[in-house]
Amino acid sequence: MDFTGYSPLGGQHYDWLLTTDANNVVHTPDELPTYKVYSRDGTELTAAAGTVAAVVDLAGGLFQATVPLLGGSGFDTAERYVLLYAWTESGLPRTKAHVFGVV
Amino acid sequence: MLYLGSYQLGDRLGLGVQSAVALAPSPPDDAPAATVYNANRQAVASYLIPPADVPAAYFAAAVHLDRRYHVGRYAILVTWVAASVSRSSAAVFDIVPGGDPAGAVIAGYAFHRPHAEYHVLDLDSGELVRGRNPFV
């Protein structure tokens, strides 16, 4: 699970997803990946879930997610959150998780 | 997706990638290519990464955060082909306020004159900057 930096509460967390396997081989998703956000205790921040904003480089397998860090969605300062991406590839489920901090 | 940390304009960002097939070092067909994207998904710079350790298939470069960069978050996508298969890796870094895109001052000289004080500064990019009447 990779750490992807800190972002300010009230701002946005810009995160990038790479759809590769352990050998760095690029795999193309069937559709735009979705994501969910979880707090440290495993509670899902349902209002923060979404779909990645866009394809950055399809050949390289790079996608971008922009997560609004709103207090009303359950985000708080000095906390870390897990961003869990999910997508399918040729019908098979795939996931990747990142950790980020809110300051 | 590796987080490389926070940098200032003018810093040099260490960028390394190892080409491997089935977790064993394997040279790529060509030099890995790196493209840097900003938070608006625009490509701001691209580089070819030279070999640093050929037997280990390790490639490395020092990326100068020059005038093409601004304060914000960036992603670096490195792509290459090994064993006829397209591969990629990526990293994220932040540029925080401070610094100068031309680099840090490595030498300077002051000219004292009755009407003003002049300074000539040598930046580590090789750029010369001159100023008058500095203040803090």
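So, how was this worked out
- Residues numbered from 1 in each chain as written.
- Chains lettered and ligands numbered in written order.
- Predicted model: local features only at pLDDT ≥ 70, side-chain atom pairs only at ≥ 80, totals over all residues.
- Heavy atoms only, no water.
- Contact = heavy atoms within 4.5 Å.
- Buried area = accessible area lost by both parts, 1.4 Å probe.
- Salt bridge = Lys/Arg side-chain N within 4 Å of Asp/Glu carboxyl O.
- Polar contact = N/O pair within 3.5 Å; in protein donor to acceptor, adjacent residues only side chain to side chain.
- Helix = DSSP H or I, 4+ residues; strand = E, 2+ residues; numbered from the N terminus.
- Nonpolar A, V, L, I, M, F, W, Y, C, P; charged D, E, K, R; others polar.
- Core = buried A, V, L, I, M, F, W, Y, C linked by side-chain atoms within 4.5 Å.
- Buried < 20%, exposed > 50% of the residue type's maximum accessible area, 1.4 Å probe, protein only.

**Student:** For the interface of chain B and chain A, give the residues involved together with the corresponding values.
**Tutor:** Across the boundary between the two partners, chain B contributes 25 residues, which contact 25 residues of chain A. Both faces considered, chain B and chain A share a buried interface measuring about 1900 Å² in area, 60% of it formed by carbon and sulfur atoms. The largest share of the area that chain B buries against chain A comes from M1, R41 and R73 of chain B, three residues that together contribute 35% of it. One can count 0 salt bridges joining chain B with chain A. Linking chain B with chain A are 14 residue pairs in polar contact (both at pLDDT 80 or more). Going through the elements one at a time, β1 (2-9), β3 (20-21), β5 (33-38), β9 (72-82) and β10 (85-99) of chain B are the ones with two or more residues in the side of chain B that touches chain A. Examining the composition of the side of chain B that touches chain A, we find that 8 residues originate from one element, β10 of chain B, more than from any other. Looking at side-chain class alone, the side of chain B that touches chain A contains 16 nonpolar, 5 polar and 4 charged residues.

**Student:** Describe the nonpolar core, listing the residues and the values that go with them.
**Tutor:** What tends to happen in soluble globular proteins is that the nonpolar side chains get buried as a cluster. Counting 20 residues, the largest nonpolar core has Y69, I76, V78 and F93 of chain B as its most contacted members. Only β1, β2 (12-18), β5, β8 (58-64), β9 and β10 of chain B provide two or more residues apiece to this core. Among the elements that line this core, the one with the most residues is β9 of chain B, at 5 residues. Those residues in contact with I76 of chain B that sit more than four places away from it in its chain are L4, L13, L15, A34, T35, V36, S89, A90, A91 and F93 of chain B. If you look at the next biggest cluster of nonpolar residues, it comprises 17 residues, including Y35, V52, L83 and W87 of chain A.

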